[in-house]
Amino acid sequence: MRIGMVSPYAFNVPGGVQFHVRDLAEHLISQGHDVRVLAPADEDADLPPYVDSAGRAMPVPYNGSVARLLFGPVTAARVSRWIERGGFDVLHIHEPFAPSLSMLAMMSGHGAVVGTFHSSTMRSRVLLTVMPLLEPQLEKLSGRIAVSREALRTIHRHEGAADALIIPNGVYVDRFATAPLVPHWRGSDDRPTIAFLGRLEESRKGLAVLLEAMPQLLDARPGLRLLVAGPGDPGKLYVIQRPTCGRRPSSWAWSASRTRRRCCGRSMRMSLPTPARRASASSWSRR
């Protein structure tokens, strides 16, 4: 089967939708299907052989983040030509609501068109305003997929009674099942460990909320440790433990390179562990 997939976000920038598209495309290719992906990308980006670039994207504030999108009449013509050349049996569009390649592909698509909805948003005035214009295009979707219940609620908020099948994001479980364990990070009743994995710079991912709750968590479980891993950079790992003085810190401050808080009248700092020290990263130090 010949399958065309469209990503609205720049393929050379890490992101959940991009990884979803990549993993799904590679799985379908491994099953013998002919897959092409259309996505924004920088001219010098190192792209997989199955990805076609539609041009460089522009950073735009979107859905509580900064998304790199691509839109406009020139881009619309490129998308239309790509679909016509592809002769796809199925056109799979990711994030049809996103004002980027996906929306343009939905407008130009025909035949079997599937839309996967990833985002969870409250009622958007912009979407509600343009929905009368989008409704004829959304009717082209032969099938709708939501990656979560919240994504399904987003469809209902903006499309009314439109329904979708919930198919969560896939995970290559073998990568985790066969991964080596680091004994230092294995939790116990006396030394429980909380792990946070996600984009550190976006408040909506919740790291700030977790850090704000750490003083209370440390009061309840003095031996608690927090491990934080940032996106695409294995060096961004931290250990946060109760200061040796045993007193509750009075304030938090966090940055991508270090964590600080005030304790016992002095500034407490957690330096970024180097990869060599990651398994036995130091606890709080006193400045």
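Reference entry: report on the structure contained in this document. (Residues numbered from 1 in each chain as written. Predicted model: local features only at pLDDT ≥ 70, side-chain atom pairs only at ≥ 80, totals over all residues. Heavy atoms only, no water.)

Let's talk about the overall build of the protein chain
In step 1: A count of helices and strands for the protein chain gives seven helices and 16 strands.
In step 2: Relative to its 287 residues, the protein chain shows a buried fraction of 41%.
In step 3: Counting contacts in the protein chain only where the partners sit at least 6 residues apart, residues at least 24 apart contribute 57% of the total. (Helix = DSSP H or I, 4+ residues; strand = E, 2+ residues; numbered from the N terminus. Buried < 20%, exposed > 50% of the residue type's maximum accessible area, 1.4 Å probe, protein only. Contact = heavy atoms within 4.5 Å.)

Examining the pairing of strand 2 (residues 34-39)
In step 1: With five bridges joining them, strand 1 (residues 2-6) and strand 2 adopt parallel strand pairing. Paired with Gly4 across the two strands is Arg36, which belongs to strand 2.
In step 2: Since strand 1 and strand 2 lie parallel, the crossover through helix 1 (residues 16-30) that links them has a hand, and here it is right-handed.
In step 3: Note that strand 2 and strand 3 (residues 51-53) share three bridges and pair parallel. The residue bridging Ala39 from the neighbouring strand is Ser53, located in strand 3. (Pairing = 2+ DSSP bridges. Right-handed = clockwise from strand over helix to strand, strands pointing away.)

Side note on the environment of Leu226
In step 1: Turning to its location among the elements, Leu226 is positioned in strand 11 (residues 225-229).
In step 2: The buried category is assigned to Leu226, whose relative accessible area is 0%.
In step 3: Through-space distance from the C-alpha of Leu226 to that of Leu210 is 9.5 Å; in sequence the pair is 16 residues apart.

Notes on the nonpolar core
Across soluble globular proteins, nonpolar side chains have a tendency to be buried as a group.
In step 1: Of all hydrophobic cores here, the largest spans 27 residues; its most connected members are Val79, Trp82, Leu91 and Leu101.
In step 2: Counting only elements with at least two residues in this core, the list comes to helix 2 (73-86), strand 6 (90-94), helix 3 (101-108), strand 7 (112-117), helix 4 (125-138) and helix 5 (149-159).
In step 3: Per-element accounting of this core gives the leading share, five residues, to helix 3.
In step 4: Within the second largest apolar cluster, 15 residues are counted, among which are Met5, Val37, Ala39 and Tyr50. (Core = buried A, V, L, I, M, F, W, Y, C linked by side-chain atoms within 4.5 Å.)

Describing the pattern of salt bridges
In step 1: Applying the stated criterion to the full structure yields five salt bridges.
In step 2: Notably, a salt bridge pairs Asp34 with Arg2, separated by 2.3 Å at the nearest N-O pair. Here Arg2 lies in strand 1 and Asp34 lies in strand 2, a separation of 32 residues in the sequence.
In step 3: In this structure Arg2 comes out as partly exposed when scored by relative accessible area, which is 24%.
In step 4: One salt bridge in this structure joins Arg22 and Asp23, with 2.9 Å as the shortest N-O distance.
In step 5: Since its relative accessible area comes to 27%, Arg22 is described here as partly exposed. (Salt bridge = Lys/Arg side-chain N within 4 Å of Asp/Glu carboxyl O.)

Side note on the sheet that holds strand 9 (residues 165-166)
In step 1: On the basis of which strands lie adjacent, the open sheet formed by seven strands has the order 3-2-1-6-7-8-9 and parallel pairing. For this open sheet the edge positions go to strand 3 and strand 9, each flanked by a neighbour on one side alone.
In step 2: Sheet topology places strand 8 (residues 143-146) next to strand 9; two bridges connect them, and they run parallel. Of the residues in strand 9, the one forming a bridge with Ile145 is Leu165.
In step 3: Running over the sheet, helix 3 touches strand 1, strand 2 and strand 6 and is turned about 145 degrees from strand 6. (Axes fitted to C-alpha atoms, helices over the stretch in contact; angles between N-to-C directions.)

Notes on helix 7 (residues 207-220)
In step 1: Its 14 residues give helix 7 an end-to-end C-alpha distance of 19 Å, which sits within 8% of 20 Å, the value for a rise of 1.5 Å per residue.
In step 2: Where helix 7 bends most, the angle comes to about 45 degrees, and this point is Met214, followed within four residues by the proline Pro215.
In step 3: Burial in helix 7 covers these residues: Leu207, Leu210, Leu211, Met214, Pro215 and Leu218. (Expected span 1.5 Å × (residues − 1). Bend = angle between axes of the 7 residues up to and from the residue.)

Quick notes on a nonpolar patch on the surface
In step 1: A contiguous nonpolar patch, built from Val171, Val173 and Phe176 and spanning about 340 Å² of accessible area, is present on the exposed surface.
In step 2: With respect to the helices, strands and loops of the structure, Val173 is situated in helix 6 (residues 173-177). (Patch = residues over 30% accessible without salt bridge, like charges linked within 9 Å, V, L, I, M, F, W, Y side chains within 5 Å. Areas by Shrake-Rupley, 256 points an atom, 1.4 Å probe, with all protein chains shown as cover.)

What to know about helix 3
In step 1: Here helix 3 lies mainly inside the structure; six of its eight residues are buried.
In step 2: Burial in helix 3 covers these residues: Leu101, Ser102, Met103, Leu104, Ala105 and Met106.

Quick look at the side chain of Ser119
In step 1: Its place among the elements puts Ser119 in the loop between strand 7 and helix 4.
In step 2: The class of Ser119 is buried, set by a relative accessible area of 17%.
In step 3: One polar contact links Ser119 to Glu95, side chain to side chain, over a distance of 2.3 Å. (Polar contact = N/O pair within 3.5 Å; in protein donor to acceptor, adjacent residues only side chain to side chain.)

Function cannot be read off these values alone, since they describe shape.
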